[in-house]
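# Chain and residue survey
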Amino acid sequence: PVFTTFATNTITHNTVSVNVATDENARIFCVARLTSSGAPTIANVKTPGNDALNVASASNTVYQTALRTLTLSGLAQSTSYNVYCVAEDSQPTLN
């Protein structure tokens, strides 16, 4: 899947919401990390509890071209974060 939309929607003192859409059905995984933490691996985005540098996470299913909002909460006010998302094919590979 390819992201066709990826944009910040709403930012509050402890949450950020991102709008995402993909070109096909997909499972989306997102994490927020301090800007000083560097980029995570794909595995760390998909399993956020395995990386202590992930501050917040969210996941959901996105249906082809439909816009979905994911909200990451538990952020600290006046702190800079980067949000990283991964799209995973929701269809199993056919053999």
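Residues numbered from 1 in each chain as written. Predicted model: local features only at pLDDT ≥ 70, side-chain atom pairs only at ≥ 80, totals over all residues. Heavy atoms only, no water.

## Examining the state of the cysteines
The test is simple: By definition, disulfides here are pairs of cysteine sulfur atoms that lie within 2.5 Å. Strands here are runs of E lasting at least two residues and helices are runs of H or I lasting at least four, both read from the DSSP assignment and numbered beginning at the N terminus. Burial status follows relative accessibility: with a 1.4 Å probe on protein chains alone, a residue under 20% of its type maximum counts as buried, one over 50% as exposed, and anything between as partly exposed.
On inspection of all chains with the given rule, the structure shows 1 disulfide. Between the sulfur atoms of C30 and its disulfide partner C85 the distance amounts to 2.0 Å. What sets the handedness of the C30 and C85 disulfide is the S-S torsion sign, and at about 110° it is right-handed. Separated by 55 residues along the polypeptide, C30 in strand β3 (residues 26–34) and C85 in strand β6 (residues 81–89) bring together distant segments of the chain. Like C85, C30 is buried.

## Quick look at the packing of aromatic side chains
The condition that has to hold: Any Phe, Tyr or Trp ring, taking Trp's six-membered ring, that has another such ring centre within 6.5 Å forms a pair; planes under 30 degrees apart are called stacked, those over 60 apart edge-to-face, and the others tilted.
Inspection of every chain in the model, using the stated rule, returns 1 aromatic pair. Relative to F6, the ring of F3 has its centre 5.9 Å away and its plane inclined at 70°; by these criteria the two rings are edge-to-face.

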